[in-house]
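Secondary and tertiary structure notes
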Amino acid sequence: MSIPLEHTRYALRAGATRLLIPGGALLLNPPRQDRLTGLAPAQRGVVESLGPGPSTARELSGGTPSSEVTALLDRLAADGWLTITVSDIERDYYTLRPFGVPPTAGTGLGVERSGGAAASSPQTAGDIGRTSGPEAAPSGPGVRASAAAPAAAPAVLSKFALMHRDSDGLVLEHPTSWCDIRLHDPRLAAVIAGANPAELGLPATISARFAADLRHAGFTLADPAAEESTFTTRSWSAPDLWFHRRSTLGPRTLTWDDFGPTRWAATEFPPLPARRPPYPAPPMALPVPDLAALRATDPPLAAVLEDRRSHRAFDDAAPLTLPQLAELLYRTSRTRSVETTPAGDELPSRPYPSGGSVHELELYPVVRHVTGLPPAMYHYDSHTHALHEVAPADSPAVRRLLTTATATLTAAAMPQLLLVLAARAGRAMWTYEQVAYANTLKHAGVLTQTLYLAATAMNLGAVAQAFTDTAAFATATGVDELEECPVGSMVIGSIGR
């Protein structure tokens, strides 16, 4: 039994257009362009009929599709030009939505992803993570037909595969695939998790074709150990690889549509103000350093860069002082001015750079031992150069923040001062799509280096930490993690004279 061609529907992939020219056609999806030449009349008619709406082969050809039409659909599907919805007479099952070029272009779907032949022994979807018997082979444009054969070794789902819900339903994605798979039948989600398709009532031909497409798109692996046997794939975690792919331009994202500084929220949500609402505690005004004097007395930039070191031991006998902390904050993080655009956006200026001038970062000094400043967790109001107490020193969450920071210090000593770098996520996410959090981490990096250099110029010790305690921060501040969250931390202290 094969999948009847009349129940498989085809459409040009999203973003693609076709242009008829003498002797053939052009398929365009910038920067990609393919020229089709030597088309038979029936094939030219199919190309002319292709559009964003799905159609069966019969609808595209105006009757029973000829072998020429089938060959053309095979070619276009294998080259990633077609969105393909796999169906039978009763329902749609899933849709292949290409955004890249299949690795075995010209051979059709259902083949080995790298260097393999067409799937002459189709793997059933129920073989994901288990062994099962033979299944009927899938056929039709987009899948190379084959005779039934004993099932191959059971396939396993790639550790990078991700299934989630969006506005259109369930979608299966993989960061290195050339396509996404839209699931219309919820039973396929159970199949991906290892359920037996026969027990779910799925036709054998559908499950066989689904398994073949999963394999060809890179969602499943023939060798369960493949991703763990080489350093390259073992070293990447799924969150890291997804974060990398989603925050960069590449096969999945070729244009600036829905990517970058789109100001997507402008029509639905008001922008967050540049200044964070103050904490209720009364402000503690900080002394302002003499920048003119510092310009004259500071060591040169070359010396500061060369002298910068991470310090993990500090001098508690002569600890950091309040004037030193005030100077460090003023030199690195104060808000120098705020520009209001005609659209009403507030764009602050600070000593360190920020993409789009969103400046979503906030500093929280967590004080254990600073001369002139009572121990507590504070927020630095960069607009007024003042501190507001956030939580007392004996708060369990504050103690946890300080205790966690001992992991990178000599003899697990308690820090004199822990600076927590937090992000008001909405300041960045209101403007940016897909890259907002990546930008925030870059901002945390440049602020960290700015703090390092200023501390070096002031002969203070500093060490950045590659972790923060999100739960302790949320408890201490009482702020929803999705509104403001820690993205970095740094220990600051005296290193003696």
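Scroll up to find the structure.
Here goes a summary of the coordinates provided. If you're wondering where the values come from, they're calculated on a predicted model, not measured in any experiment.

**Focus on the packing of aromatic side chains**
On inspection of all chains with the given rule, the structure shows 5 aromatic pairs. Geometrically, the ring pair formed by Y94 and F210 is tilted, given 4.9 Å between the ring centres and 55° between the ring planes. Highlighted residues: Y94 in strand β7 (residues 92-98) and F210 in helix α5 (residues 204-216), separated in sequence by 116 residues. Seen in terms of ring centroids, Y364 and F473 are 5.1 Å apart; in terms of plane orientation they differ by 90°. Their pairing is edge-to-face. In this pair, Y364 sits in strand β16 (residues 361-367) while F473 sits in helix α15 (residues 470-477), placing the two residues 109 residues apart along the sequence. Of the two residues, Y364 and F473, both sit in the buried class. By way of ring pairs, the aromatic residues Y279, Y364 and F473 are connected into one cluster. Above the face of the Y452 ring, R308 is positioned so that its terminal group lies 4.6 Å from the ring centre.

**Focus: a nonpolar patch on the surface**
Judged by side-chain polarity, F243, M429, Y437 and L441 come together as a nonpolar surface patch covering roughly 320 Å² of accessible area. Counting through the fold element by element, Y437 comes out in helix α14 (residues 436-457). Exposure remark for Y437: the relative accessible area of 36% places this residue in the partly exposed category.

**Remarks on the packing of helix α1 (residues 41-49) against helix α3 (residues 67-78)**
Where α1 meets α3, the axes come as close as 8 Å, and the angle between the chain directions of the two elements is 45°. Here α1 is positioned oblique relative to α3, judged by the angle of their axes. Where α1 crosses over α3, the two elements pack in a sense that is right-handed. On the side of α1, the interface is formed by A42, Q43, V46 and V47, while α3 contributes E68, V69, L72 and L73. When grouped by side-chain class, the residues that make up the contact of α1 with α3 number 6 nonpolar, 1 polar and 1 charged.

**Focus on α15**
Three or more residues of α15 are buried, namely A472, F473, A476 and T477. Seen end-on, α15 carries its buried residues on one side only, within an arc spanning 115°. The backbone nitrogen of A471 has a side-chain oxygen 3.3 Å away, supplied by the residue at the start of α15, namely D469. One or two positions beyond α15, positive phi appears at G478, with a value near 70°.

Calculation notes
Residues numbered from 1 in each chain as written. Predicted model: local features only at pLDDT ≥ 70, side-chain atom pairs only at ≥ 80, totals over all residues. Heavy atoms only, no water. Phe/Tyr/Trp six-rings, centres within 6.5 Å; stacked < 30°, edge-to-face > 60°. Helix = DSSP H or I, 4+ residues; strand = E, 2+ residues; numbered from the N terminus. Buried < 20%, exposed > 50% of the residue type's maximum accessible area, 1.4 Å probe, protein only. Lys NZ or Arg CZ within 6 Å of the ring centre and 35° of its normal. Patch = residues over 30% accessible without salt bridge, like charges linked within 9 Å, V, L, I, M, F, W, Y side chains within 5 Å. Areas by Shrake-Rupley, 256 points an atom, 1.4 Å probe, with all protein chains shown as cover. Salt bridge = Lys/Arg side-chain N within 4 Å of Asp/Glu carboxyl O. Axes fitted to C-alpha atoms, helices over the stretch in contact; angles between N-to-C directions. Parallel < 35°, antiparallel > 145°, perpendicular 65-115°, else oblique. Left-handed = near helix turned anticlockwise from the far one by under 90°. Contact = heavy atoms within 4.5 Å. Nonpolar A, V, L, I, M, F, W, Y, C, P; charged D, E, K, R; others polar. Arc of directions from axis to C-beta. Polar contact = N/O pair within 3.5 Å; in protein donor to acceptor, adjacent residues only side chain to side chain.

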